[in-house]
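Per-entry structural report
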Amino acid sequence: MRLTDTHTHLDFPDFDADRDEVLARSRALGVQRMVVLGVYQANWQRLWQLVEANEDLHAAFGLHPVYLEDHRPQHLAELRNWLGKLAGHRKLCAVGEFGLDYYLAELDRDRQQKLFEAQLELAVEFELPALLHVRRAHAATIATLKRFRPARGGIIHAFAGSHEEAREYIKLGFRLGLGGAATWPQANRLRKVVAQLPLESIVLETDAPDMAPAMHPNQRNSPEHLADICAELAALRDMTAEALAAASSRNADEVFGWN
């Protein structure tokens, strides 16, 4: 079974004690590629060193809305420099993680929007997919994407929206990232949406170390849990785990331009 984890934070300190072992176990379970996403300027160098040291890891760089108070105007210029110096590098696969977070009331929405748009401009300029964080902000995100229309599309991370929102994203060229949230039995609405999404719109993710699935509750999430997530989502869709793994990995290959 060939799996692709399209959203991880393996550079986080949560993995410092056993990162190599986690990677080995994940590979043994069929996770052949993993995307590691930057969230603030201070973790980009650490992330890139990790990705360069591991053949099956790929990098994305971004300024995450949750860390809004950590971002400085010069960090956008530094992000552009990173994307410029790595343009065409096979290990650079996207701009991200960035987007809008309306769940946390203390995050200024105007500042978020400006940062979101600036990074969308970079995705357009460097012809890279956009890996988007969207929390209770689907309407604003969709409206913004309709204005910018990044040609490479991207992925809506941890998609938890409606059928209608899913259709809008798909029309804009985006895939929908599915992970641990839909494995929880109480997530009834999301599970119904997941069951009906077009297969060609789905990519799988863990968001490790966050968003642990129901079968591994109250613990650090890990790419090694992706096979269990895949099996649960496949059962929701009345298909085999092997078929979902193959389709989602093929979709990820298309997003990132991998052969």
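Residues numbered from 1 in each chain as written. Predicted model: local features only at pLDDT ≥ 70, side-chain atom pairs only at ≥ 80, totals over all residues. Heavy atoms only, no water.

To keep it simple, the criterion reads: UniProt positions are given in the numbering used here, feature names are shortened, and annotations may be inferred rather than shown by experiment.
Per an unreviewed UniProt entry, the chain goes by TatD family deoxyribonuclease and derives from Ectopseudomonas mendocina. Here is the UniProt Sequence similarities (unreviewed entry) comment for the chain, exactly as written: "Belongs to the metallo-dependent hydrolases superfamily. TatD-type hydrolase family."

1. Observations concerning the UniProt feature "binding site: a divalent metal cation 1" (unreviewed entry) in the chain
Rule in force here: Helix and strand labels come from DSSP, where a helix needs a run of H or I of at least four residues and a strand needs a run of E of at least two; each type is numbered from the N terminus. Each residue's exposure class comes from its accessible area (1.4 Å probe, protein chains only) as a fraction of the maximum for that residue type: buried when under 20%, exposed when over 50%, partly exposed otherwise. What makes two residues a contact is simply this: any of their non-hydrogen atoms within 4.5 Å.
Following the UniProt record, the feature "binding site: a divalent metal cation 1" (unreviewed entry) maps to His7, His9, Glu97 and Asp207 here. The greatest C-alpha distance among the annotated residues, which extend across 201 residues, is 11.0 Å, indicating that they converge on a single site. Positionally, His7 belongs in strand 1 (residues 3–8). What makes His7 buried here is its relative accessible area of 1%. Every residue in contact with His7, bar those within four places of it in the chain, is listed here: Val35, Leu37, Glu97, His157, Glu205, Thr206, Asp207 and Ala208. Turning to its location among the elements, His9 is positioned in the loop between strand 1 and helix 1 (19–28).

2. As for the side chain of Thr4
Let me state the cut-off plainly: A 3.5 Å cut-off defines polar contacts: any pair of N or O atoms within that distance qualifies, except that in protein one atom must be a possible hydrogen donor and the other a possible acceptor, and neighbouring residues in sequence count only when both atoms are side-chain atoms.
Structurally, Thr4 is set in strand 1. Engagement of the side chain of Thr4 in a polar contact is seen with the side chain of Ser249, the distance being 3.3 Å. Once residues lying within four places of it in the same chain are set aside, the contact partners of Thr4 are Arg33, Leu204, Leu226, Ser249, Ala252 and Trp258.

3. A look at the side chain of His133
Within the secondary structure, His133 is located in strand 5 (residues 130–135). There is a polar contact of 3.3 Å between the side chain of His133 and the side chain of His64. In this structure the side chain of His133 is engaged in a polar contact, spanning 2.7 Å, whose partner is the side chain of Asp101. Those residues in contact with His133 that sit more than four places away from it in its chain are His64, Pro65, Val66, Glu97, Phe98, Gly99, Leu100, Asp101 and His157.

4. A short note on the packing of helix 3 (residues 73–85) against helix 4 (residues 109–126)
Definition in use: Note on geometry: axes are lines fitted to C-alpha atoms, helical ones only across the stretch in contact, with angles between N-to-C directions running from 0 to 180 degrees. Any angle from 65 to 115 degrees is called roughly perpendicular, while one under 35 is roughly parallel, one over 145 is roughly antiparallel, and all others are oblique. Left-handed describes a crossing whose near helix is turned anticlockwise from the far helix through less than a right angle; right-handed describes the clockwise counterpart.
Where helix 3 meets helix 4, the closest approach of the two axes is 11 Å, and the angle between their N-to-C directions is 20°. Looking at the two axes, helix 3 sits roughly parallel to helix 4. Seen from above, helix 3 lies across helix 4 with right-handed handedness. Here Leu76, Leu79, Arg80, Leu83 and Gly84 of helix 3 come into contact with helix 4, specifically with Leu115, Ala118, Gln119, Leu122, Glu125 and Phe126.

5. Let's talk about the UniProt feature "binding site: a divalent metal cation 2" (unreviewed entry) in the chain
In this structure's numbering, the residues bearing the UniProt feature "binding site: a divalent metal cation 2" (unreviewed entry) are His133 and His157. The greatest C-alpha distance among the residues just named is 5.6 Å, despite their covering 25 residues of sequence, which places them together in space. Given a relative accessible area of 9%, His133 falls into the buried group. Contacts of His157, omitting those with residues within four sequence positions, involve His7, Glu97, Leu132, His133, Gly177, Glu205, Asp207 and Met211.

6. Focus: helix 1
Put simply, the rule is: Within this analysis, the arc is defined by the directions that extend from the helix axis to the C-beta atoms.
Taken together, the buried positions of helix 1 are occupied by Arg19, Val22, Leu23 and Ser26. Viewed along the axis of helix 1, the buried residues span an arc of 100°, placing them on a single side of the element. Turned more than 90 degrees from where helix 1 packs its buried face, Asp20 and Ala28 sit exposed. Turning to helix 1, the residues buried within the fold contact strand 2 (31–37), helix 2 (44–52) and strand 3 (57–61).

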